[in-house]
Amino acid sequence: MLAVINYGVFFGLVVVHTILAAVMTRFFRLRLDTQAGWIGYSLGLLPIAFFLSTLVVTGALGLGPNLGSPLVVFAILIGLPVALGMTIDLLYVAQPEDVELPQRQ
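Small disclaimer: the values here were computed from a predicted structure and weren't measured.

Caption draft 1: Spatial organisation of the pattern of salt bridges. Using the criterion set out here, one finds 2 salt bridges in the structure. The residue aspartate 89 makes a salt bridge to arginine 26 at a minimum N-O spacing of 3.6 Å. On the criterion of sequence distance, the pair formed by aspartate 89 in helix 3 (residues 70-92) and arginine 26 in helix 1 (residues 2-31) is long-range, its members being 63 residues apart. Here aspartate 89 matches arginine 26 in class, with each residue buried. Classification of aspartate 89 as buried rests on a relative accessible area of 1%. Overlapping salt bridges bring together Arg26, Arg29 and Asp89 as one network.

This is how it looks when you write it as structure tokens:
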């Protein structure tokens, strides 16, 4: 039963990281006025945030399966969600030029 809970937490963390990556990438694309600034922020801030949440969930709380290698954990819990989240935002959401933002006062 404990293994089922550990794998559930693991896959839940992957899903939450992917959703957060898509939302944060979208936020950076909409709010930054540069051509490629959102790429730097997405590739710089997302892994840091995901690393901290991974440390809290798998380290401090002790949840999640033993994957054997820190590199595997990094690739699955940080690299995969960043890549999937950015892909979801780039391919399946309307371009920022097509989105109407409210005027600043």
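Caption draft 2: Inspection of the side chain of arginine 29 at higher detail. Its location among the elements puts arginine 29 in helix 1. Looking at arginine 29, the relative accessible area reads 10%, which means it is buried. Setting aside residues no more than four positions away along its own chain, arginine 29 makes contact with Trp38, Asp89, Leu90, Gln95 and Pro96.

Cut-offs used in this document
Residues numbered from 1 in each chain as written. Predicted model: local features only at pLDDT ≥ 70, side-chain atom pairs only at ≥ 80, totals over all residues. Heavy atoms only, no water. Salt bridge = Lys/Arg side-chain N within 4 Å of Asp/Glu carboxyl O. Helix = DSSP H or I, 4+ residues; strand = E, 2+ residues; numbered from the N terminus. Buried < 20%, exposed > 50% of the residue type's maximum accessible area, 1.4 Å probe, protein only. Contact = heavy atoms within 4.5 Å.

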